[in-house]
Amino acid sequence: LRTVPPRPEGFVANAKEDSIMTAASGSLPVATDVIEPGQRVFERSCASCHAWNGDGLQQQTAALKGLRTIYDPSAANLLQVILHGTEPSTLPGRSAPMPPFASLSDGEIADLVNFIRSYVGSSGNQIVAKDVADARQYKH
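Basis of the calculations
- Residues numbered from 1 in each chain as written.
- Predicted model: local features only at pLDDT ≥ 70, side-chain atom pairs only at ≥ 80, totals over all residues.
- Heavy atoms only, no water.
- Buried < 20%, exposed > 50% of the residue type's maximum accessible area, 1.4 Å probe, protein only.
- Helix = DSSP H or I, 4+ residues; strand = E, 2+ residues; numbered from the N terminus.
- Contact = heavy atoms within 4.5 Å.
- Axes fitted to C-alpha atoms, helices over the stretch in contact; angles between N-to-C directions.
- Parallel < 35°, antiparallel > 145°, perpendicular 65-115°, else oblique.
- Left-handed = near helix turned anticlockwise from the far one by under 90°.
- Nonpolar A, V, L, I, M, F, W, Y, C, P; charged D, E, K, R; others polar.
- Disulfide = S-S within 2.5 Å.

> Even after reading the chapter, I still don't get helix H5 (residues 76–84), so can you show me in this structure?
Listing the buried residues of H5 in full gives Leu-78, Leu-79, Gln-80, Ile-82 and Leu-83. Against the buried residues of H5 lie helix H4 (68–71), helix H6 (106–120) and helix H7 (129–137). Looking one or two residues past H5, Gly-85 carries a phi angle of roughly 75°, positive in sign.

> What is the right way to look at the packing of H5 against H6 in this model?
With their axes 11 Å apart at the nearest point, H5 and H6 run at an angle of 125° to one another. The angle between H5 and H6 falls in the class oblique. Crossing of H5 against H6: the hand is right-handed. Only Ile-109, Leu-112, Val-113 and Arg-117 of H6 make contact with H5, whose side of the interface consists of Leu-78, Leu-79, Ile-82 and Leu-83. Taken together, the residues that form the contact of H5 with H6 break down as seven nonpolar, no polar and one charged.

> Would you mind going over the environment of Phe-101 with me for this structure?
Structurally, Phe-101 is set in the loop between H5 and H6. Once the C-alpha coordinates of Phe-101 and Gln-80 are considered, the two residues, 21 residues apart in sequence, prove to be 9.8 Å apart. Excluding residues within four positions of it along the chain, Phe-101 makes contact with Ser-45, Ile-82, Leu-83 and Ile-109.

> Please explain the packing of H6 against H7 as it appears in this structure.
Packed helix pairs are specified by the crossing angle of their axes together with the interaxial distance, meaning the distance between the axes. For the pair H6 and H7, interaxial distance at closest approach is 8 Å and the crossing angle is 110°. As the angle between them shows, H6 and H7 are arranged roughly perpendicular. Where H6 approaches H7, its residues Asp-106, Gly-107, Ile-109 and Ala-110 are matched on the opposing element by Ala-129, Val-132, Ala-133 and Arg-136.

> I'm lost on the state of the cysteines in this one. Help?
Here, the word disulfide means a covalent bond between the sulfur atoms of two cysteines. Applying the stated criterion to the full structure yields zero disulfides. Cys-46 takes part in no disulfide bond, and the closest cysteine sulfur to it belongs to Cys-49, at a distance of 8.7 Å. On the basis of relative accessibility, which here comes to 35%, the residue Cys-49 falls in the partly exposed class.

Structure, rendered in structure tokens:
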């Protein structure tokens, strides 16, 4: 992967390739030909566990669709999960924790939250970098 150059900002996807990938692999459907910054962050940091379709790859608890945390209009818990991760659980089928992603910039996290929420149909307010900066100050 290190030899593959990154896609430039404003990259226009090939709609034919995207439809083939979506149908063949269950990848994220592309609603527009321009890849959003939040989609880039999701691709780089989240899709390997959560899958492009949000169903979760390693275990069902990695599924995003239907999660109250994502549908919360304030996104307060979602921000905390992204910033601080989750603890391992002793419940059957729920052993893998989510690592923290606090190393992402405030803007990247805001873009990520907005992308995830729009993808699953959440009607919450758009998150901005200042919201993430404020959330960094508060830890459960």
